2 protein chains.
Amino acid sequence: MPDFAATHRATLDGAIAAIRARGHWSAYPEIPSGKVYGETAKVEGEAAFQAMLNGHFETGQAAESWVGEETSPFGPALGITYPANTPGTLVARGGAAMPAWAAAPVEDRAGIALEALHRINRASFLMANAVMHTTGQAFAMAFQAGGPHAQDRGLEAVAYAVEEISRIPGAARWSKPAGRETLVMDKTWRAVPRGVAVTIGCATFPTWNGYPGIFASLVTGNPVIVKPHPKAILPLALSVRVLREVLAEAGLPADVVQLAPDTIEAPITARLAKHPDVAIVDFTGGPTFGRWLRENLGPGKALFTEEAGVNPVVLHSTADFAGLCRNLAFSLSLYSGQMCTAPQNIFVPSGGIQTDQGHRSFDEVGAAIAAAVDALLADPARAAGILGAIQNPATVDRVAAARSLGQVVRNSAPVEGAPGRTATPLLLAVNAADRDAWMEERFGPIAFLIRCAEAEEALALAAGSARERGAITALVHSTDEAFLDRATEAFTRVGASLSVNLTGGVYVNQSAAFSDYHVSGANPAGNACLTDAAFVANRFHVAQVRRPAVAA
Amino acid sequence: MPDFAATHRATLDGAIAAIRARGHWSAYPEIPSGKVYGETAKVEGEAAFQAMLNGHFETGQAAESWVGEETSPFGPALGITYPANTPGTLVARGGAAMPAWAAAPVEDRAGIALEALHRINRASFLMANAVMHTTGQAFAMAFQAGGPHAQDRGLEAVAYAVEEISRIPGAARWSKPAGRETLVMDKTWRAVPRGVAVTIGCATFPTWNGYPGIFASLVTGNPVIVKPHPKAILPLALSVRVLREVLAEAGLPADVVQLAPDTIEAPITARLAKHPDVAIVDFTGGPTFGRWLRENLGPGKALFTEEAGVNPVVLHSTADFAGLCRNLAFSLSLYSGQMCTAPQNIFVPSGGIQTDQGHRSFDEVGAAIAAAVDALLADPARAAGILGAIQNPATVDRVAAARSLGQVVRNSAPVEGAPGRTATPLLLAVNAADRDAWMEERFGPIAFLIRCAEAEEALALAAGSARERGAITALVHSTDEAFLDRATEAFTRVGASLSVNLTGGVYVNQSAAFSDYHVSGANPAGNACLTDAAFVANRFHVAQVRRPAVAA
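Since we're looking at a predicted model, the values are computed, not measured.

A.B. asks: Before we go on, may I ask you to explain the overall build of chain A in this structure?
C.D. replies: If you tally the helices and strands in chain A, you get 21 helices and 19 strands. For a compact globule of 552 residues, the expected C-alpha radius of gyration is about 24 Å, and chain A comes in at 25 Å, within 12% of that figure. Considered along the principal axes of its C-alpha atoms, chain A spans approximately 85 × 65 × 45 Å. Counting every position in chain A, which comprises 552 residues, the buried fraction comes to 62%. Sequence separation of 24 or more characterises 74% of the internal contacts of chain A that already satisfy a separation of 6 or more. Looking at chain A as shown, the accessible area adds up to about 18,400 Å², and 54% of this sits on carbon and sulfur atoms.

A.B. asks: Hey, could you run me through the interface of chain A and chain B in this one?
C.D. replies: It is common to give the size of an interface as the accessible area lost on bringing the parts into contact. With 65 residues of chain A at the interface, the matching set in chain B holds 65 residues. Sorting the residues of chain A by area buried against chain B places His24(A), Arg167(A) and Arg546(A) first, and these three jointly supply 14% of that buried surface. Remark: the boundary between chain A and chain B carries 40 residue pairs in polar contact (both at pLDDT 80 or more). Among the secondary structure elements, those contributing two or more residues to the side of chain A that touches chain B are helix H2 (9-21), helix H9 (148-166), strand E3 (171-178), strand E4 (181-193), helix H20 (481-494), strand E18 (497-500), helix H21 (533-537) and strand E19 (540-548) of chain A. Of all the elements, E19(A) adds the most residues to the side of chain A that touches chain B, at 8 residues.

A.B. asks: Would you explain the nonpolar core in this entry?
C.D. replies: Generally speaking, soluble globular proteins have nonpolar side chains that are buried together. Within the largest apolar cluster, 253 residues are counted, with the highest numbers of intra-cluster contacts made by Ile346(A), Ile369(A), Ile346(B) and Ile369(B). The contact partners of Ile346(A), leaving out residues within four places of it in the chain, are Val313(A), Leu315(A), Leu328(A), Leu332(A), Ile369(A), Leu427(A), Phe448(A), Leu449(A) and Ile450(A).

A.B. asks: For this particular structure, what's the right way to read the relation of the copies chain A and chain B?
C.D. replies: Its rotation angle being 180°, the transformation that places chain A on chain B also includes 0.0 Å of axial translation and leaves an RMSD of 0.0 Å. A rotation of that kind, with that shift, is consistent with a two-fold axis. Closest approach to the rotation axis within chain A is made by the C-alpha atom of Ala534(A), at a distance of 3.1 Å. The fraction of interface residues of chain A whose copies in chain B are also interface residues reaches 100%, indicating that both copies meet through the same surface.

A.B. asks: Could you clarify how one ought to interpret the confidence of the model for chain A in this entry?
C.D. replies: Low pLDDT means the predicted coordinates in that region are not meant to be read closely. Per-residue confidence for chain A gives a mean pLDDT of 97, with 99% of residues at or over 70. At the level of chain-chain contacts, confidence expressed as ipTM amounts to 0.96, with global pTM at 0.96.

A.B. asks: Which parts of the structure should I look at to understand the pattern of salt bridges?
C.D. replies: Note on pairing: side chains with opposite charge can pair once their charged atoms come close. Summed over the entire model, instances satisfying the criterion amount to 45 salt bridges over all chains. Between Arg167(A) and Glu163(B) there is a salt bridge; the shortest N-O distance is 2.5 Å. With Arg167(A) in the loop between H9 and E3 and Glu163(B) in helix H9 (residues 148-166), the pair connects residues from two separate chains. Overall, Glu163(B) belongs to the buried group, its relative accessible area being 16%. Here Glu468(B) and Arg435(B) are joined by a salt bridge, their closest N and O atoms 3.6 Å apart.

A.B. asks: Just checking my understanding: could you explain helix H10 (residues 206-219) of chain A for this structure?
C.D. replies: In an α-helix there are 3.6 residues to a turn, and that puts residues three or four apart on one side. With 14 residues, H10(A) extends 20 Å between its outermost C-alpha atoms, agreeing within 8% with the 20 Å of an ideal straight helix rising 1.5 Å per residue. Backbone geometry just downstream of H10(A) places Gly221(A) in the positive-phi region, at approximately 100°.

A.B. asks: Is there a simple way to think about the pairing of strand E5 (residues 196-200) of chain A in this case?
C.D. replies: Consecutive side chains along a regular strand alternate between the two faces of the sheet. Residues and elements named next belong to chain A. The element E5 is extensively covered by neighbouring structure, given that 5 of its 5 residues are classed as buried. The alternating pattern of E5 places Val196, Val198 and Ile200 on one face and Ala197 and Thr199 on the opposite face, and all of these are buried. Summarising the sheet, E5 and strand E8 (residues 278-284) pair through 5 bridges and their orientation is parallel. Following the sheet pairing, Ile200 is matched in E8 by Phe283. Here E5 runs beside strand E6 (residues 224-227); their pairing, made up of 4 bridges, is parallel. By the bridge assignment, Ala197 is partnered in E6 with Val224. Crossover connection from E5 via H10 to parallel E6: handedness right-handed.

The rules we used
Residues numbered from 1 in each chain as written. Chains lettered and ligands numbered in written order. Predicted model: local features only at pLDDT ≥ 70, side-chain atom pairs only at ≥ 80, totals over all residues. Heavy atoms only, no water. Helix = DSSP H or I, 4+ residues; strand = E, 2+ residues; numbered from the N terminus. Rg over C-alpha atoms; globule rule 2.2 N^0.38 Å. Buried < 20%, exposed > 50% of the residue type's maximum accessible area, 1.4 Å probe, protein only. Contact = heavy atoms within 4.5 Å. Areas by Shrake-Rupley, 256 points an atom, 1.4 Å probe, with all protein chains shown as cover. Buried area = accessible area lost by both parts, 1.4 Å probe. Polar contact = N/O pair within 3.5 Å; in protein donor to acceptor, adjacent residues only side chain to side chain. Core = buried A, V, L, I, M, F, W, Y, C linked by side-chain atoms within 4.5 Å. Least-squares fit on C-alpha atoms with pLDDT ≥ 70 in both. pLDDT = per-residue confidence, 0-100. Salt bridge = Lys/Arg side-chain N within 4 Å of Asp/Glu carboxyl O. Expected span 1.5 Å × (residues − 1). Pairing = 2+ DSSP bridges. Right-handed = clockwise from strand over helix to strand, strands pointing away.

This is how it looks when you write it as structure tokens:
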């Protein structure tokens, strides 16, 4: 086979160093530039996407049927159909592919993963179109989050998997003095995959959320069945196709990775996940199905989830009120709040907050944030580039229904002249007591300005909501270091990643591979972190064989 | 506080190197010698044990009641009572102790663990008496397995916990070029404990099986409630008392570790494990309660189990038939088969096997193993020293009932003149089709000689039984390397640790800390390994705080 491991050794070494140091590091350039990706890449990427529309998407899998019902949130139906199989067929094929894959050294598995990531990276413009027209992300974000950033997350999982497995020695001689004799045994160890893995993708970040589980399972030796969301198949189908190509070139079974598309009407996810030969399930999606998985998968299966949360913001005081408002406006607007890291609940003391511009009342804080959103989105073209489109029609309905939950501080509206489903942020003022309104994830461009007795209550409510309903991120603004210490303690305990005093070009929504641990696993927003040691260590077991080295 | 970390740094460094290299290594001398432990240690240990009988055992916990009902399998009731509390009290106290413990640096937590292990080690003769008179282990084994070997297992968990947490940097500066500006963030990370941990002990190896979970939870920052088996409280009570002493000397809350004794009549385990503030459960025991835990603990709790199994032996051929029989006789006899690693099912081709003594028929193989057991146990004093006593009267009943399950090749009997409950191995010949007889764990000195069509069927049945009913160990004898390769593949897949051609002084029952991975987690014999990265990595989460380093 081609020596993919050697080709990409420097990338892997860099990634392994990065997950230790956790400064800024990236393997895949995030700028959609012709200088990086080739001057014709943009045009070719779009052309390749257009050529796929209204056709069969071949992955090389023998199809039992063809399914596909994707529609771009920006308008047209994609008309692409994908090869579909029953859960039984998929699991049987994965199981058949497993022995060869498990027998490949971890270096080779990692090499194949890295070559696939490299090829996926080269096709980032095509991927950007695929992500844009399934998720509704604007082009720039679809390129970055669906392309290089997702690839970095995949590479991060490869690095963790390689490192964890490399810590198990292949062999050792065990030599123990026992009275007059010495007992000598030769021992060998092998990391053995748990079994067929299933990754259940989501409709908003199919690659970014999907790659960590896919690559963690693969590099630890498990075959992977990729079950995309019925509305966002293409990005993962493209990824699966590349992986299958590289596997085949390496002389390994392409069925190590399979695509498992289904439809909203005839879903296969539950049957697939429950199949007795499935050993690992990675899931990104809502808490209802998350709970179903926890209760129904059965013993002996490893389950990694990212579900939902109510990400809080606590406003105590600030030395840069304008920056606070600008920064928060962007976080509320980016991809119309359809990020698992987007803030939903802004806890503000009823007495207002101290700022560099003097005291600001609760109402003034609300008005200033609303004004910052208005300013950010004043230009429709810029607004469309930040907001993207609304992935799911149900989210538009949710925005409409949410208006009655509080006092409208800023109303939501479509973006003028923008194609597809769009909606600017809805900002509602409510009281802390209105828990039915804010204590539940309202996915999409819906945020609450929550009137609290004072900042300590704001902090307590924010941390409590993270503990009870989950939170991936938290944002606190304060000029008081003692308050920040208390906030650090509170969010540390409930497992929400805390950002402090963001007023510039870093946003609470952003989670950078190799530096930010995404999801703590310590509250209902998810049971696993992308990516830490626990995310990979349970995807394999250690097999041992021991044998006398000499006649004892 | 005393710098326990500095005192024991060399021990910790040695342990961390050992879990990587996995050759022979040990921190605590296994020989019950006056030269090592002090010439008066043996006498003093026994005197200290005698002085504890028929008294209150103080741990410093405020008792809501006093319980205790231990009886030595060698005869007398111990008459010791221990401070007992309700689950609510225990969990509340553990929760109150957590913040201080979580805030202690991992080096300090490890130092305290190492100091406690050191003191426990110095009291190994007392521990040997405690283990002997609760588990029924003979003195030599009680000393080794209950003392130094258990301490090594605890230290191994400390090493894994330290290593896993040390891989998370405390802080980093993230600096990312973004057009003309550079985004700079200061980030900090902390390993945060999951919450109150409960270790549910067993009656046969209370320390050896209990320490890994206790020390893994502790060093990752979780307070631990130690729930011993009602019939084997003393060994864990001694351990808890030492830990509480060291904690107090270090100026930390003693309630970081608590004892939770109960009785057979009024068990608290289920309520304790289900308590909403309990986050981690380590369990050693039967599969019935193991399943109850899996189904009832609820989401968000980490569960680590060692349950039951049917450890197989496959006889294909041998170059040392006498050694095979001697070695296997010892494995069947040691502690009367009451080890989770003891073989139960010996699969033999109906046509017999090739040996260095020529061909041996199925019946001849059975007769030779029986004769080897007889020879090993011919001297009653030696027999008592190998067999120990039967921990649970139910095991004696099980042996009696088992006689009807097959043709008796070697009968079980008490050891002549030995005190307490004793029983030599029962060896029964059955057919492969008699699955109701052998396909279930028959805990104690009960083994089956299973007549198989040929060696390939023996291997298939052995591996299948491990997959379906669990197995921690497997033993294969063969002079055919191709057969051994197939056996390696088969047991690797089903997660049973394979020993090959043991004919000398190493036995399939033995699992050496720092070298042997104990339990794979890949079959019903347990879901976790003592100890690997997965055993510790999920006992904490990573908390993150990030903040602009300069105004952006």
